[in-house]
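For reference, the chains in residue letters:
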Amino acid sequence: MEQFDSNRLRRLEDAEAIRNLIASYGPLADCGDAGAVAALWSDDGSYSVGDFGEAKGRQAIAALIESEMHQNLMKQGCGHILTSPHISLDGDSAIATNHSIVFRSADDRHEAWRVSANRWQFVRTDDGWRVRHRDNRPLTGDERARALLSL
Amino acid sequence: MEQFDSNRLRRLEDAEAIRNLIASYGPLADCGDAGAVAALWSDDGSYSVGDFGEAKGRQAIAALIESEMHQNLMKQGCGHILTSPHISLDGDSAIATNHSIVFRSADDRHEAWRVSANRWQFVRTDDGWRVRHRDNRPLTGDERARALLSL
Amino acid sequence: MEQFDSNRLRRLEDAEAIRNLIASYGPLADCGDAGAVAALWSDDGSYSVGDFGEAKGRQAIAALIESEMHQNLMKQGCGHILTSPHISLDGDSAIATNHSIVFRSADDRHEAWRVSANRWQFVRTDDGWRVRHRDNRPLTGDERARALLSL
């Protein structure tokens, strides 16, 4: 019988937790739960959203969801899509890389308003994995967006 | 050496099985395998598809795939996209939350015909995990769609 | 205490590795890392891209990324989206099935240029899992594309 190596199990649990956390962003953003979105980040977490600038700390991140722009998007009908991420674990920190798409309702269909590159830095806290920093930039030919996707 | 806790392994297997089941819906819908789609649900399973109403039981779920509307969509060219779900396990039941997109072919590109919120109830059966209920509603500003995405 | 079964752990690790590999394709394609894309395949791997034909071997696969068409797509702004795959493990080989979407930037939004069916054959090598063959075909009503999605 092979010996049980709890590190192997833990790495799988870490990847699962990070995947679940990323998978919760879209639903929480689309139903407008600003507090729950902000709680995905660590206390000192930050979120850089392309040309909109950087939100630092949970209050500023919640404010993105509470903003008039986001609330109007919700009323119009929107879908925040996050793709299955590439995950690189390194002990108590991790990097995840994926795409996000913001669809907005338009006539009898949806338009892909933003298709972006995302790079997430995660940290293990006493309350589980949290986002330390998320970098998001639309893929409109911008070299800085492409750079986020290097692995 | 840490003691082996088989519950930790089982929870990972449960999440993996549910993720794989959701990942099979799109391919099976797009290749028109009505029987295999229906078999993802439990015997008494149901599927509520926005304003199209609710399909109760496997025969009614298979009929959605066999319908003229779905068959025409397949001939035109369609892609049923399911995003990586947020999964909440609770013993022999589970809730998964994600987005779905139905693309249809149009001229030299694809249109996002429907971008929807999805809430799945799963149950562990003797044959493995099955869908007990799937609730799907297009994200067109409808509060009921947004409500499906609360976690 | 239940006995530890290392095969259960290994199957989870296999699925995780394959999922991570597929999740790396889009980021690597979008940032133009031709060598890293090619290294996802085995030495004798191949990639059949719909009507563009089949690329055989790593050099030919790298050439797809280095091609004028792909480089222009990157400059215009593109997002190669890969959905969470259905994975069937069989010892040292595996089949994964999913969708891919190529978005390209257009005016103030993105267009879904190609929505395709994908069937991936994986093989376990001394360096880990690699793609032996990927079959990609746009879902434009083509029966051959639909056939790739049967499970």
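Residues numbered from 1 in each chain as written. Chains lettered and ligands numbered in written order. Predicted model: local features only at pLDDT ≥ 70, side-chain atom pairs only at ≥ 80, totals over all residues. Heavy atoms only, no water.

S.K.: So what's going on with the overall build of chain A? Which residues, and what values?
M.R.: Each helix and strand counted, chain A has five helices and seven strands in total. Taken over the C-alpha trace, chain A has a radius of gyration of 16 Å; the compact-globule value for 151 residues is 15 Å, and the two agree within 12%. Each principal axis of the C-alpha distribution contributes one length, and for chain A these read about 60 × 30 × 30 Å. Per-residue burial over chain A gives 59% buried out of 151 residues. Considering only intrachain contacts with a sequence separation of at least 6, the fraction spanning at least 24 residues in chain A is 51%. When the accessible surface of chain A is totalled, it reaches about 6,300 Å², and 42% of it is carbon and sulfur. Charge-centre separation for chain A: the mean point of 18 positive side chains lies 3 Å from the mean point of 23 negative side chains. (Helix = DSSP H or I, 4+ residues; strand = E, 2+ residues; numbered from the N terminus. Rg over C-alpha atoms; globule rule 2.2 N^0.38 Å. Buried < 20%, exposed > 50% of the residue type's maximum accessible area, 1.4 Å probe, protein only. Contact = heavy atoms within 4.5 Å. Areas by Shrake-Rupley, 256 points an atom, 1.4 Å probe, with all protein chains shown as cover. Lys, Arg positive; Asp, Glu negative; His and termini not counted. Charge placed at Lys NZ, Arg CZ, Asp CG, Glu CD.)

S.K.: Tell me about helix α4 (residues 68-76) of chain B, and please be specific about residues and values.
M.R.: Residue and element names in this part refer to chain B. Turning to α4, its buried residues number three or more, namely His70, Leu73 and Met74. The arc that holds the buried residues of α4, viewed along the axis, is 100°, so those residues lie on one side. Of the residues in α4, the exposed ones pointing more than 90 degrees away from the buried face are Glu68 and Lys75. (Arc of directions from axis to C-beta.)

S.K.: Which residues make up helix α1 (residues 6-30) of chain C, and what values do they have?
M.R.: Residues and elements named next belong to chain C. The terminal C-alpha atoms of α1 lie 37 Å apart, and with 25 residues this matches the ideal 36 Å at 1.5 Å per residue to within 8%. Counting buried residues along α1, 20 of its 25 residues qualify, which places the element largely inside the surrounding structure. Downstream of α1 by one or two residues, Gly32 has phi in the positive range, about 75°. (Expected span 1.5 Å × (residues − 1).)

S.K.: Mind laying out the pattern of salt bridges, listing which residues take part and the relevant values?
M.R.: Scanning the entire structure with this criterion turns up 31 salt bridges over all chains. Here Asp51 of chain B and Arg137 of chain B are joined by a salt bridge, their closest N and O atoms 3.6 Å apart. Here Asp51 of chain B is found in the loop between β1 (41-49) and β2 (54-56), whereas its partner Arg137 of chain B is found in strand β7 (residues 128-138), with 86 residues between them in sequence. A residue is classified by how much of its surface remains accessible, and Arg137 of chain B, at 13% relative accessible area, is buried. Taking the shortest distance from any N to any O, the salt bridge between Asp43 of chain C and Arg58 of chain C comes out at 3.2 Å. Taken together, the residues Asp43 of chain C in strand β1 (residues 41-49) and Arg58 of chain C in helix α3 (residues 58-66) connect sequence positions 15 residues apart. Given the relative accessible area of 63%, Asp43 of chain C is considered exposed. Among the charged side chains, a network of salt bridges with common partners joins Glu16 and Arg19 of chain A, Glu16 and Arg19 of chain B together with Glu16 and Arg19 of chain C. (Salt bridge = Lys/Arg side-chain N within 4 Å of Asp/Glu carboxyl O.)

S.K.: How would you summarise the state of the cysteines if you had to cite specific residues and measurements?
M.R.: Residue and element names in this part refer to chain C. Taken as a whole and judged by the stated rule, the model has zero disulfides over all chains. Among the cysteines around Cys78, which has no disulfide bond, Cys31 carries the closest sulfur, lying 10 Å off. The exposure class assigned to Cys78 is buried, which follows from its relative accessible area of 2%. (Disulfide = S-S within 2.5 Å.)

S.K.: Go over the interface of chain C and chain A, please, and point to the residues and values.
M.R.: In many analyses, interface size is given as the accessible surface area lost on bringing the parts together. Each partner contributes to the interface: chain C provides 32 residues, whereas chain A provides 31 residues. Buried surface at the junction of chain C and chain A, summed over both partners, amounts to about 2,600 Å²; 62% is from carbon and sulfur atoms. Connecting chain C to chain A are two salt bridges. One can count seven residue pairs in polar contact (both at pLDDT 80 or more) joining chain C with chain A. Among the secondary structure elements, those contributing two or more residues to the side of chain C that touches chain A are α1, α4 (68-76), β3 (78-82), β5 (93-106) and β6 (109-125) of chain C. Counting residues per element, the side of chain C that touches chain A draws most heavily on α1 of chain C, which supplies 14 residues. Its residues assigned to classes, the side of chain C that touches chain A comprises twelve nonpolar, twelve polar and eight charged. (Buried area = accessible area lost by both parts, 1.4 Å probe. Polar contact = N/O pair within 3.5 Å; in protein donor to acceptor, adjacent residues only side chain to side chain. Nonpolar A, V, L, I, M, F, W, Y, C, P; charged D, E, K, R; others polar.)

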